[in-house]
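Descriptive analysis of the structure
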Amino acid sequence: MNDKPVIAAVDGSQDGLRALEWALDAARRHEASLRVLHVRPEPARTRSGGPPGPDEDPVLAQAQARPAELGGVPSVEYVVTEGAPGALLTGAGAEARLLVLGSRGRGGFASLLLGSNSLAAARDAECPVVVVPRPGRGGEESEVPVRPDGPVVVGVNPDGSVGSDDPDSPDATTLAFAFDEAARRNTTLRVVTAYPSLLQTVMLPGEVPPPQIDQDALERETRALLDGLLAPHRERHPHVAIDTAVLPGDAAGHLVDASVGAALVVVGRHRRRLFAAARMMGSVTQAVLLHSRSPVAVVPPVPEEDGAQED
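Only a predicted model underlies this, so the values are computations on that prediction, with no experimental measurement involved. (Residues numbered from 1 in each chain as written. Predicted model: local features only at pLDDT ≥ 70, side-chain atom pairs only at ≥ 80, totals over all residues. Heavy atoms only, no water.)

**Here's the deal with the packing of helix α1 (residues 14–30) against helix α5 (residues 173–185)**
This is how it is decided: Convention adopted: a line fitted to C-alpha atoms gives each axis, helices being fitted over their contacting stretch, and angles between N-to-C directions are expressed from 0 to 180 degrees. Only DSSP runs of H or I reaching four residues or more are called helices, and only runs of E reaching two or more are called strands; each is numbered from the N terminus. Throughout this description, any angle smaller than 35 degrees is read as roughly parallel, any larger than 145 degrees as roughly antiparallel, any in the 65 to 115 degree range as roughly perpendicular, and the remainder as oblique. The contact rule is simple, with two residues in contact once any of their heavy atoms fall within 4.5 Å. Under this grouping Gly is polar, as are all residues other than the nonpolar Ala, Val, Leu, Ile, Met, Phe, Trp, Tyr, Cys and Pro and the charged Asp, Glu, Lys and Arg.
Two elements in contact, α1 and α5, have axes whose closest approach is 10 Å; the angle formed by their N-to-C orientations is 85°. As far as their axial angle goes, α5 and α1 are roughly perpendicular. The residues of α5 that touch α1, namely those facing Trp-22, Asp-25, Arg-29 and His-30, are Asp-180, Glu-181, Arg-184 and Arg-185. Here the contact of α1 with α5 is composed, by residue class, of one nonpolar, one polar and six charged.

Take a look at the structure:
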């Protein structure tokens, strides 16, 4: 049984309040407690000279009004800490069922699509990280609102790797997370996969043309691989309606398109490679984080067993 809380990171910004609202709803769906966390980047002191507690923190005071407004909330805990937000928020993932953040905080440049703290947590945290975007990200005059009852979207690669672009790291954990979220929301799971499209090349005199690729056969093979990957999850969640989209070309673009009107987009993260200086998310996952119109869940892979070589 997972008794870990849903953790919402707040910083006094509207992005943080949007993340808190999403986390409240997630805590209700998961029947979990909620921890509201404020990480102060610089030390603050009260009149008595000591660090402020949760009751003395203005950011948490602002956040405390939200559960009362939204109603039907689970047990809520308010925590304030001090230090480097990127590192402390990432570390909080070890104690969380879900870590929920806004796409940007109070600092940084207004033109940024994703803040450094959200990026660090999505890349490094041990639990799934949900990043809630701000409205208007797509630039439309009338932005389509996020629909809590919309479909859950998950990206799957044709080779069986889920939500990333690493062909060596197939991981069913992301699919399991997506099925569970769709079941909790009683909504459709939209599974999006892309296969390579036929590129038109310009031939110079004397060049040998590349071998022709049967696009229809490639689509059929991709669909067959996808059906095999989904089969065990269908058995565990027979009541989840599944809508599959097998499309040519740009996986990230297809997922961003599918995010319009979605409740959640689920993507995976690379395993950490041996001798790699840092974890990587993959270009598809990062593009979806930057451009999705709906909240994005980045699901880490299952840790390797002790002594096993990492990919």
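**Focus: the nonpolar core**
Side chains of a nonpolar character, in soluble globular proteins, are inclined to be buried together. What counts is decided by this rule: In this text, buried Ala, Val, Leu, Ile, Met, Phe, Trp, Tyr and Cys residues form a nonpolar core when linked through side-chain atoms within 4.5 Å. Remark: exposure states derive from per-residue accessible area (1.4 Å probe, protein chains only) relative to the maximum for the residue type, with buried under 20%, exposed over 50%, and partly exposed in between.
With 41 residues, the main nonpolar core has Leu-34, Leu-189 and Val-266 as its most contacted residues. Here this core gets seven residues from one element, more than from any other, and that element is α1. Ignoring sequence-local partners within four residues, the contact set of Leu-189 consists of Val-152, Val-154, Ala-178, Phe-179, Ala-182, Val-240, Ala-241, Ile-242 and Asp-243. Grouped together as the second largest cluster of nonpolar side chains are 30 residues, Ile-7, Leu-255, Ala-258 and Ala-262 included.

**Looking at the pattern of salt bridges**
Opposite charge on two side chains permits them to pair, given that their charged atoms come into close proximity. We apply this condition: Should a side-chain nitrogen of Lys or Arg be within 4 Å of a carboxyl oxygen of Asp or Glu, the pair is scored as a salt bridge.
One pass over the structure, following the stated rule, counts twelve salt bridges. Here Arg-134 and Asp-15 are joined by a salt bridge, their closest N and O atoms 2.5 Å apart. Here Arg-134 is found in the loop between β5 (129–132) and β6 (152–155), whereas its partner Asp-15 is found in helix α1, with 119 residues between them in sequence. Since its relative accessible area comes to 3%, Asp-15 is described here as buried. Arg-223 serves as the salt-bridge partner of Glu-219, at 3.7 Å between the closest nitrogen and oxygen. Remark: Arg-223 and Glu-219 occur in helix α6 (residues 215–236); sequence separation between them is four residues, near one turn of the helix. Arg-223 sits in the partly exposed class, given a relative accessible area of 30%. Sharing partners across several salt bridges, the network here consists of Asp-15, Arg-18 and Arg-134.

**Considering the environment of Leu-34**
Here Leu-34 is to be found in strand β2 (residues 34–40). Of the residues examined, Leu-34 reaches a relative accessible area of 1% and is grouped as buried. Among residues more than four places away in sequence, those in contact with Leu-34 are Val-6, Ala-8, Leu-20, Ala-23, Leu-24, Ala-27, Pro-74, Ser-75, Val-76 and Glu-77.

**Considering helix α8 (residues 283–291)**
For clarity, the threshold we go by: The reported arc concerns the directions from the helix axis to the C-beta atoms and nothing else.
Residues Val-284, Thr-285, Val-288 and Leu-289 constitute the buried set of α8. Across the axial projection of α8, the buried residues extend over an arc of 135°, all falling on one side. On its buried side, α8 packs onto α4 (116–124), β5, α7 (251–258), β9 (264–268) and β10 (296–299).

**So, the pairing of β9**
Put simply, the rule reads: Pairing between strands requires that DSSP locate at least two bridges from one strand to the other.
For β9, the tally of buried residues reaches five of five residues, placing the bulk of the element in the interior. Every second residue of β9 is oriented toward a common face, with Leu-264, Val-266 and Gly-268 on one face and Val-265 and Val-267 on the other, all of them buried. The pairing of β6 with β9 spans three bridges and is parallel. Note that in β9 the partner of Val-154 across the bridge is Val-266.

**Quick word on unusual backbone geometry**
Even without being glycine, Glu-31 reaches a positive phi, approximately 50°. Examined against the element boundaries, Glu-31 turns out to sit in the loop between α1 and β2. One non-glycine residue, Asn-186, adopts positive backbone phi at about 55°. Among the structural elements, Asn-186 can be located in the loop between α5 and β7 (189–195).

**Here we look at the sheet that holds β6**
A sheet is described by the order of its strands in space; here ten strands give the open sequence β3-β2-β1-β4-β5-β10-β9-β6-β7-β8, paired in mixed fashion. Both edges of this open sheet fall to β3 (76–82) and β8 (242–248), since each of them pairs with a single strand only. The average undirected angle you get between the axes of adjacent strands in this sheet is 20°. Sheet analysis places β2 next to β3, joined by seven bridges and oriented parallel. Its bridge partner being in β3, His-38 is matched across the sheet by Val-80. Helix-sheet contacts for α7 involve β6, β7, β8 and β9, and the interaxial angle to β7 is about 155°.

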